[in-house]
There are 2 protein chains.
Amino acid sequence: MFTFSLTKKGAGTGGRLGKVITSHGEVTTPVFMPVGTQATVKTLSPQDLRDIGAEIILSNTYHLFLRPGHELIRDFGGLHGFMKWDRPVLTDSGGFQVFSLADLRKVTDEGVTFQSHVDGGAKHFIAPEQAVEIQEALGADIIMAFDECIPYPATKDYAQESLERTHRWARRCREAKRDTGQALFGIVQGGMYPDLRKRSAETLVDIGFEGYAIGGLSVGETKPLMYEMIEATAPHLPADQPRYLMGVGTPEDLVEGVDRGIDLFDCVMPTRNARNGTFFTSFGKMAIRNSRYERDSGPLDPECGCYTCRTFSRAYLRHLFNAGEVLALRLGTIHNLTFYLDLMRKIRKSIEEDRFREFKKEFLAKRGQEE
Amino acid sequence: MFTFSLTKKGAGTGGRLGKVITSHGEVTTPVFMPVGTQATVKTLSPQDLRDIGAEIILSNTYHLFLRPGHELIRDFGGLHGFMKWDRPVLTDSGGFQVFSLADLRKVTDEGVTFQSHVDGGAKHFIAPEQAVEIQEALGADIIMAFDECIPYPATKDYAQESLERTHRWARRCREAKRDTGQALFGIVQGGMYPDLRKRSAETLVDIGFEGYAIGGLSVGETKPLMYEMIEATAPHLPADQPRYLMGVGTPEDLVEGVDRGIDLFDCVMPTRNARNGTFFTSFGKMAIRNSRYERDSGPLDPECGCYTCRTFSRAYLRHLFNAGEVLALRLGTIHNLTFYLDLMRKIRKSIEEDRFREFKKEFLAKRGQEE
């Protein structure tokens, strides 16, 4: 099952509150989805995810298709049964990874042929119908239409040609999708061309999906251009359906995205940064390996209530990173994801209390100052 | 504070039950100490250690002296305050690591000069007085006398000469030790020579320590020879003081050690094996990467109640290892340490119930069959 209901429109902002209901539970939007590429949010157990308050996670179709294989995962009850996460899951379509990770791609109208990065160059073929079939096997609550991701910059001719194909593929995904109880989202593309973005949104809405994603952003363009593309898209998507900004972004991007009407986000930034020893905090980013923290007895972030901040000193965390200890990666991930999830909680609260714009102003001013 | 009391002598075995009381709590012996070399039991948080029922852990003086430095750790309240583990800790003296890890060692009667493996070849000097001072700064509940570890095989002349030095060092450690409330253990050496082992035990008892360790075993000798050396030593140690077999060993070694009167054990085997995907189970060792587990929906060990076995399938764990996921290391470590700690619980129960020998017979028969 899948329903989305808008519970509140924010005052003086495109930001809104909503509720997604799936057969694995409810999600309050706007929400951030930790990325669990290979059926695990790197370093964390399902218990850890529950402890930090994650409501929904994302997993990557491309990686799981290659290893361990979607059929194996289906036999274990889908991703939920395989990784023992009983709350909602969203899978991407594999499109982005095929275009960014695979070798020797050959794209035709039919689909994409490619060699994988994990199984010694075996050849694979994914068409829209396969992308849907794989995601049905993975069993996520929300699945995505197969799309083509174009590089940045791209000419308008190329962007337009690719977009037409993405639309044809979206239609084929819609047609291939069986009655599994999973929601299928379409993905708006169109490069950095506002008119193509608008057309893409309208075309997909015409096909009809349970939700709509904005793809192809955060690929090297400037922040103003990214925000412009969101503005060129969101108004053309149905107000009563969820909007998902794919692969974005920084804490600032989340605030800007919400302001423009986005309901769902995912990004590897908090988890990947954590594993490099870079932390998001209430006073900006910090690199724990910096020698200034060598004897620092304070928590990573005094305003954070996560296990890491409640328990350990900066000096100890710095030691773990310097000594190459695996525990560092988990403790850092717990903190960075808590920071992101806390931010979303604060955003939701500020919308609830009709003070999102004030929240945004303060938040950006504080980070601009201290980062 | 430190006290040891013998609470029960086993029937028909050298095995016994005891209680260690320290200012960080009690430990029931025989006990296995997980190894936390760099102020962390690799992959586990202090919460994880509590969850699996660890009562006492070991940390390595040599590593902590080099990084982050014992003075820093002292300023954070010792190891307990630094790593946030509030139960007992034992530190080794650094002797074994100086002899196995450091470069360009120069051993004199005064002490050992060496270059370290972590700080770009800086020169360091550790004498018995320094080993005690470093361990006082680290603040463990039990600290060890500085000893020389000889290679195997070694001539009797060399073993004897080294042993005399180890005894002189033990005396200097005893004299250097201040009134810190920490227990100081002496380390019996003597290579594979029963008469030297006996002499070493007697000499150390004469100096007088709060407990006695048997060092220099599990260095390449056969199992029968190792057990023979324990038998040549333990009877010459005071029955009312704790006996610690250093760096040993397999589950079978723990059972054999207890039978010969050992109270404390430590070994990297469960943690290191876990990180390689090799697990200790009730039916012997298993390598999770084996393709036979690809679609295995059962737990690692059906007789184990750890978080890993309660939650995940072999197929999922195999996937995590194959995909190089960090979570695999922690889940594996939780299981292997639980196996070791459960084994010690079973051993203690069987001594309590006067059926240790039956337990031992069944345990060894089962593992001999299936491993």
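Source: prediction; values computed, not measured.

Some thoughts on the overall build of chain A
Now for step 1: In terms of regular secondary structure, chain A is built from 15 helices and 16 strands.
Now for step 2: The C-alpha atoms of chain A give 20 Å as radius of gyration, which agrees with the globular expectation for 371 residues (21 Å, within 12%).
Now for step 3: Viewed in the frame of its principal axes, chain A has a C-alpha envelope of about 60 × 50 × 40 Å.
Now for step 4: Within the span of chain A, comprising 371 residues, buried residues form 54% of the whole.
Now for step 5: Contacts in chain A between residues far apart in sequence, at least 24 positions, make up 67% of those at least 6 positions apart.

Side note on the interface of chain A and chain B
Now for step 1: The partner chain B presents 31 residues to the 31 residues of chain A that form the contact.
Now for step 2: Per element, the largest residue contribution to the side of chain A that touches chain B is five residues, and it comes from helix α13 (residues 314-322) of chain A.
Now for step 3: Partitioned by chemical class, the residues of the side of chain A that touches chain B number 15 nonpolar, nine polar and seven charged.

Looking at the sheet that holds strand β3 (residues 25-29) of chain A
Residue and element names in this part refer to chain A.
Now for step 1: Ordered in space as β1-β2-β3, the three strands form an open sheet in which the pairing is antiparallel. This sheet does not close on itself; its edge strands, each paired only once, are β1 (2-9) and β3. For this sheet the average axis-to-axis angle between neighbouring strands, irrespective of direction, equals 15 degrees.
Now for step 2: In the sheet, strand β2 (residues 16-22) pairs with β3 via five bridges, with the strands oriented antiparallel. Across the sheet, the residue bridging to valine 20 is valine 27, located in β3.
Now for step 3: Along the sheet face, helix α14 (residues 326-352) touches β1, β2 and β3 and points at about 120 degrees away from the line of β2.

Comments concerning the sheet that holds strand β12 (residues 211-214) of chain B
Residue and element names in this part refer to chain B.
Now for step 1: In spatial order, the strands read β4-β14-β13-β12-β11-β10-β6-β5; together these eight strands make up an open sheet with parallel pairing. The open sheet has two edge strands with one neighbour each: β4 (31-33) and β5 (57-59). Mean inter-strand twist for the sheet, computed between neighbouring axes without regard to direction, equals 25 degrees.
Now for step 2: Sheet topology note: the β12/strand β13 (residues 243-245) ladder contains three bridges and is parallel. Along β13, the bridge assignment pairs tyrosine 212 with arginine 243.

Description of helix α6 (residues 128-138) of chain A
Residues and elements named next belong to chain A.
Now for step 1: Across the eleven residues of α6, eight count as buried, placing the element largely inside the fold.
Now for step 2: All of the buried residues along α6 are Pro128, Ala131, Val132, Ile134, Gln135, Glu136, Ala137 and Leu138.
Now for step 3: Glycine 139 lies just past α6 and shows a positive phi near 75 degrees.

A short note on the relation of the copies chain A and chain B
Now for step 1: Superposing chain A onto chain B takes a rotation of 180 degrees combined with a translation of 0.0 Å along the rotation axis, leaving an RMSD of 0.0 Å. Here the copies are linked by what is in effect a two-fold axis. Nearest to the rotation axis, the C-alpha of A:Val326 is located 3.8 Å from it, this being the minimum over chain A.
Now for step 2: By residue overlap, the copies meet face to face through one surface: 100% of the interface positions of chain A are interface positions in chain B.

Focus on the domain arrangement of chain A
Residue and element names in this part refer to chain A.
Now for step 1: Split by domain assignment, chain A resolves into domain 1 (2-267) and domain 2 (274-370).
Now for step 2: Going through the elements one at a time, β2, β4 (31-33) and α10 (251-259) are the ones with two or more residues in the side of domain 1 that touches domain 2.
Now for step 3: Here the side of domain 1 that touches domain 2 takes six residues from α10, the largest share from any one element.

Comments concerning the nonpolar core
Now for step 1: Among the nonpolar cores identified, the biggest contains 212 residues, and A:Phe185 and B:Phe185 are the most heavily contacted of them.
Now for step 2: Filtering out sequence-adjacent residues up to four positions away, B:Phe185 remains in contact with B:Ile142, B:Met144, B:Ala145, B:Phe209, B:Glu210, B:Gly211, B:Tyr212, B:Ala213 and B:Tyr244.

Some details on the environment of A:Gly81
Now for step 1: In this fold, A:Gly81 is placed in helix α4 (residues 78-83).
Now for step 2: As a C-alpha pair, A:Gly81 and A:Gly139 span 58 residues in sequence and 9.4 Å in three-dimensional space.

Quick look at the pairing of strand β8 (residues 112-115) of chain A
Residues and elements named next belong to chain A.
Now for step 1: Of the two faces of β8, only the one carrying Val112 and Phe114 is buried; Thr113 and Gln115 on the other face are not.
Now for step 2: Bridge count for strand β7 (residues 103-107) against β8 is three bridges, and the pairing is antiparallel. Looking across to β8, one finds that valine 107 is bridged to valine 112.
Now for step 3: Hairpin remark: β7 followed by β8, antiparallel, with four residues in the connecting loop.
Now for step 4: Pairing geometry for β8 and strand β9 (residues 123-126), over four bridges, is antiparallel. When the bridges of β9 are listed, glutamine 115 appears paired with lysine 123.

Overview of helix α7 (residues 156-176) of chain A
In an α-helix there are 3.6 residues to a turn, and that puts residues three or four apart on one side.
Residue and element names in this part refer to chain A.
Now for step 1: Spanning 21 residues, α7 covers 30 Å between terminal C-alpha atoms, matching the ideal 30 Å at 1.5 Å per step.
Now for step 2: Of the residues making up α7, those classed as buried are Ala159, Ser162, Leu163, Thr166, His167, Trp169, Ala170, Arg172 and Cys173.
Now for step 3: Buried residues along α7 sit against α6, β11 (183-188) and α8 (194-207).

Brief notes about the confidence of the model for chain A
Now for step 1: Here chain A averages 96 in pLDDT, and 99% of its residues register 70 or above.
Now for step 2: Predicted complex, confidence summary: ipTM 0.97, pTM 0.98.

Brief notes about the packing of helix α6 (residues 128-138) of chain B against helix α7 (residues 156-176) of chain B
Residue and element names in this part refer to chain B.
Now for step 1: In contact at an axis separation of 8 Å, α6 and α7 are set at 45 degrees when each is read in the N-to-C sense. Here α7 runs oblique to α6, going by the angle between their axes. In the crossing of α6 with α7, the sense of the turn from one axis to the other is right-handed. Where α6 approaches α7, its residues Pro128, Glu129, Ala131 and Val132 are matched on the opposing element by Trp169, Arg172, Cys173 and Ala176.
Now for step 2: Classifying every residue of the contact of α6 with α7 by side-chain character gives six nonpolar, no polar and two charged.

Quick word on the environment of A:Ile126
All names here are of chain A.
Now for step 1: For isoleucine 126, the position within the fold is in strand β9.
Now for step 2: Note: C-alpha distance between isoleucine 126 and cysteine 306 (180 residues apart in sequence) is 41 Å.
Now for step 3: Those residues in contact with isoleucine 126 that sit more than four places away from it in its chain are Gly94, Val98, Gly111, Val112, Ala131 and Phe146.

Looking at the packing of helix α8 (residues 194-207) of chain B against helix α9 (residues 223-233) of chain B
Residue and element names in this part refer to chain B.
Now for step 1: Between α8 and α9, whose axes approach to 8 Å, the crossing angle comes to 40 degrees. Relative to α9, the element α8 is oriented oblique. In terms of crossing hand, the pair formed by α8 and α9 is right-handed. Touching Pro194, Arg197, Lys198 and Ala201 of α8 are Glu228, Met229, Ala232 and Thr233, all from α9.
Now for step 2: For the contact of α8 with α9, the per-class residue count stands at four nonpolar, one polar and three charged.

Regarding unusual backbone geometry
Now for step 1: Omega for the bond connecting A:Thr29 with A:Pro30 falls within 30 degrees of zero, at 5 degrees, which places this linkage in the cis form.
Now for step 2: One can find A:Pro30 in the loop between β3 and β4.
Now for step 3: Despite not being glycine, B:Thr43 shows a phi value in the positive range, around 85 degrees.
Now for step 4: B:Thr43 sits in the buried class, given 25 other C-beta atoms within 10 Å.
Now for step 5: For B:Lys84, which is not glycine, the phi dihedral falls at a positive 65 degrees.
Now for step 6: The residue B:Lys84 is located in the loop between α4 (78-83) and β6 (89-91) in this model.

Basis of the calculations
- Starting afresh in each chain, residues are numbered from 1 along the sequence in its written order.
- Here every chain gets a letter starting at A, and every ligand a number starting at 1, in the order they are written.
- Local features in a predicted model are, by the rule used here, given only for residues with pLDDT of at least 70; side-chain atom pairs are given and counted only at 80 or more, and totals for whole chains, interfaces and linings are based on all residues.
- What counts as a helix is a DSSP run of H or I of at least four residues, what counts as a strand is a run of E of at least two, and both are numbered from the N terminus.
- Throughout, the radius of gyration refers to the C-alpha atoms, and the reference size of a globule is 2.2 Å times the residue count to the power 0.38.
- Buried means a residue has 20 or more other C-beta atoms within 10 Å of its own C-beta, exposed means 12 or fewer, and partly exposed covers the counts in between; C-beta atoms are placed from the backbone.
- We call two residues in contact when the distance between their C-beta atoms, placed using the backbone, is within 7 Å.
- Note that Gly is not counted as nonpolar here; it falls among the polar residues with everything else outside the nonpolar set of Ala, Val, Leu, Ile, Met, Phe, Trp, Tyr, Cys and Pro and the charged set of Asp, Glu, Lys and Arg.
- Strands pair, by our definition, only if DSSP identifies at least two bridges between them.
- Fitted lines through C-alpha atoms serve as axes, helices being fitted only where they are in contact, and the angles separating the N-to-C directions of these axes extend from 0 to 180 degrees.
- All copies are superposed by least squares; the fitting set is the C-alpha atoms of residues with a pLDDT of at least 70 in both.
- Start and end points for every domain follow an automatic or database-based domain assignment.
- By definition, a nonpolar core groups buried Ala, Val, Leu, Ile, Met, Phe, Trp, Tyr and Cys residues that are joined through C-beta atoms within 7 Å.
- Multiply 1.5 Å by the residue count of a helix minus one, and that product is the helix's expected span.
- Per-residue confidence from the predictor is given as pLDDT, running between 0 and 100.
- Oblique is the label for any angle not covered by the other classes, which are roughly parallel (under 35 degrees), roughly antiparallel (over 145) and roughly perpendicular (65 to 115).
- Crossings are assigned a handedness: left-handed for a near helix turned anticlockwise from the far helix by less than a right angle, right-handed for a clockwise turn.

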